[in-house]
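# Per-entry structural report
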Amino acid sequence: MGLLKASAWFVSGLAIASLGFFFYQIGLDKADKVASGAGIFVGIIGLGISTYTAILTSRAAHQTKDAQSVTSSQVGGGVFQARNIAGNIRIRSAPEIRRPPINGTAIADREAEELPTSGQVIRRSQIFGSVSQIDEIGGDVEIEQ
């Protein structure tokens, strides 16, 4: 257990013991009234913190599920990415264009890089066909190539 964690446990235990001693000194009836008043404020603060946390979690979940990425790839044909489309999609693709990859190997990651958390990204890739990226269209989509 780290020093910071042990210190937090010690301070928490000391605070609880001090509060118990305080309640013992003022008597049961007065301690009940003080605890009820303090409980209201603790409850309100807890509700605010939980609401804030729920909003942050919802935003983070929405951002991470929306990412589409083609990274360090060789594609002999085309790439099509679509996201958040309400309605029908109809795609008529052109015949695949096949070209041999350079040196017969995939493009390697040369450095660690964070992938996007939202949006559509194609990076460090060789694509020998068409690229279509569609984002947040609120109707039917038809693509003819």
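Scroll up to find the structure this text is about.
Quick look at the structure, then. None of these values were measured; they are calculated from a predicted model.

### So, the overall build of the protein
Along the protein, the regular secondary structure elements total two helices and eight strands. From first element to last, N terminus to C terminus, the protein shows the α and β order α-α-β-β-β-β-β-β-β-β. Relative to its 145 residues, the protein shows a buried fraction of 12%. Intrachain contacts of the protein at a sequence separation of at least 6 include 73% that bridge at least 24 residues. Looking at the protein as shown, the accessible area adds up to about 11,100 Å², and 61% of this sits on carbon and sulfur atoms.

### A few points about the pattern of salt bridges
If you walk through the whole model with that rule in mind, you get one salt bridge. Among the ionic pairs, Asp29 bridges to Lys33, the shortest N-O distance being 3.7 Å. Of this pair, Asp29 and Lys33 both sit in helix H2 (residues 28–65), separated by four residues, roughly a single helical turn. Given the relative accessible area of 57%, Lys33 is considered exposed.

### Comments concerning helix H1 (residues 3–26)
The periodicity of an α-helix, 3.6 residues per turn, causes residues three or four places apart in sequence to face the same way. Under the 1.5 Å per step criterion, the end-to-end length of H1 is 35 Å for 24 residues, consistent within 8% with the ideal 34 Å. Following H1 by one or two positions, Gly27 has its phi on the positive side, about 100 degrees.

### A word on the packing of aromatic side chains
In this description, an aromatic ring pair is defined by two values, namely the gap between the centres and the angle between the planes. Enumeration according to the criterion identifies one aromatic pair in this entry. Arranged with centres 5.9 Å apart and planes meeting at 45 degrees, the rings of Phe22 and Phe23 form a pair that is tilted.

### Let's talk about the environment of Ile137
Residue placement: Ile137 occurs in the loop between strand S7 (131–135) and strand S8 (141–144). You can call Ile137 partly exposed: its relative accessible area is 32%. Along the backbone, Ile137 and Arg83 are 54 residues apart, and their C-alpha atoms lie at a distance of 8.1 Å. Non-local contacts of Ile137, meaning those with residues more than four positions away in its chain, are made with Arg83, Asn84, Ile85 and Ala86.

Rules used throughout
- Residues numbered from 1 in each chain as written.
- Predicted model: local features only at pLDDT ≥ 70, side-chain atom pairs only at ≥ 80, totals over all residues.
- Heavy atoms only, no water.
- Helix = DSSP H or I, 4+ residues; strand = E, 2+ residues; numbered from the N terminus.
- Buried < 20%, exposed > 50% of the residue type's maximum accessible area, 1.4 Å probe, protein only.
- Contact = heavy atoms within 4.5 Å.
- Areas by Shrake-Rupley, 256 points an atom, 1.4 Å probe, with all protein chains shown as cover.
- Salt bridge = Lys/Arg side-chain N within 4 Å of Asp/Glu carboxyl O.
- Expected span 1.5 Å × (residues − 1).
- Phe/Tyr/Trp six-rings, centres within 6.5 Å; stacked < 30°, edge-to-face > 60°.

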